[in-house]
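Below are the chains, spelled out letter by letter.
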Amino acid sequence: MTDEFMRAAIDEARTGLSEKGIPIGSVMIKNGVIVGRGHNKRVQDGDPITHAEIDCLRNAGRVGSYKDAVLYSTLMPCYLCAGAVVQFGIKKVIVGESQTFPGAKEFMESHGVEVIDLNLEECVSMMSDFIEKNPTLWNEDIGEL
């Protein structure tokens, strides 16, 4: 069963898809409350840095210490986003899936981040469908053009 926070991240991903963007969503939790949410806006904003996790962190704003925050993402964070996780001292990341993109799990773990991969079929199918329909856009997103 998908908890309310992963459901919110999935909703963000679906918002991104509805905006003709890449369907990846993220939320940040502190003290059991969503303090930030975002989705990949590379296409919408024409900004190669606006990945879901970065958008989420920007929208959360300054929250003081991140050590007690939990970051949810529908897809395993890439090195850019994993770097932000490590930089800000986020200690726990929960992801929807890593089948379509393995991301930087080992990098985060090597810096003391607990990474939980839920391997949710809903997230896998959303990304698989998107990648199949938009291979060039996806390859641009992950830097493999």
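Nothing here was measured: the structure is a model prediction, and the numbers come from that model.

Conventions used here
Residues numbered from 1 in each chain as written. Predicted model: local features only at pLDDT ≥ 70, side-chain atom pairs only at ≥ 80, totals over all residues. Heavy atoms only, no water. Helix = DSSP H or I, 4+ residues; strand = E, 2+ residues; numbered from the N terminus. Rg over C-alpha atoms; globule rule 2.2 N^0.38 Å. Buried < 20%, exposed > 50% of the residue type's maximum accessible area, 1.4 Å probe, protein only. Contact = heavy atoms within 4.5 Å. Areas by Shrake-Rupley, 256 points an atom, 1.4 Å probe, with all protein chains shown as cover. Lys, Arg positive; Asp, Glu negative; His and termini not counted. Charge placed at Lys NZ, Arg CZ, Asp CG, Glu CD. Core = buried A, V, L, I, M, F, W, Y, C linked by side-chain atoms within 4.5 Å. Phe/Tyr/Trp six-rings, centres within 6.5 Å; stacked < 30°, edge-to-face > 60°.

On to the overall build of the protein, then. If you tally the helices and strands in the protein, you get 7 helices and 5 strands. Starting at the N terminus and ending at the C terminus, the protein contains elements arranged as α-β-β-α-α-β-α-β-α-β-α-α. Computed over C-alpha atoms, the radius of gyration of the protein comes to 14 Å, within 12% of the 15 Å expected from 2.2 N^0.38 for 145 residues, which places it in the range of a compact globule. If you line up the protein on its principal axes, its C-alpha atoms span 40 × 30 × 25 Å. When each of the 145 residues of the protein is scored for burial, the buried share is 48%. A separation of at least 24 residues holds for 54% of the contacts in the protein among residues at least 6 apart in sequence. For the protein, the exposed surface amounts to about 7000 Å²; the carbon and sulfur share of it is 50%. Computed over 14 positive and 22 negative side-chain charges, the inter-centroid distance for the protein is 6 Å.

A few words now on the nonpolar core. Formed by 30 residues in total, the largest nonpolar core has its most connected members in M28, M108 and W138. Put simply, the parts of the chain that give this core at least two residues each are α3 (52–60), α4 (79–88), β4 (92–95) and α6 (121–133). Looking at which element gives the most residues to this core, the answer is α3, with 5 residues.

Overall, the coordinates contain 4 aromatic pairs when judged by the stated rule. On the numbers, 5.1 Å between centres and 40 degrees between planes, the contact of Y66 with F88 is tilted. Pair noted here: Y66 is in the loop between α3 and β3 (70–73) and F88 is in helix α4, with a separation of 22 residues, a long-range link. Accessibility expressed as a relative area gives 11% for Y66, which makes it buried.

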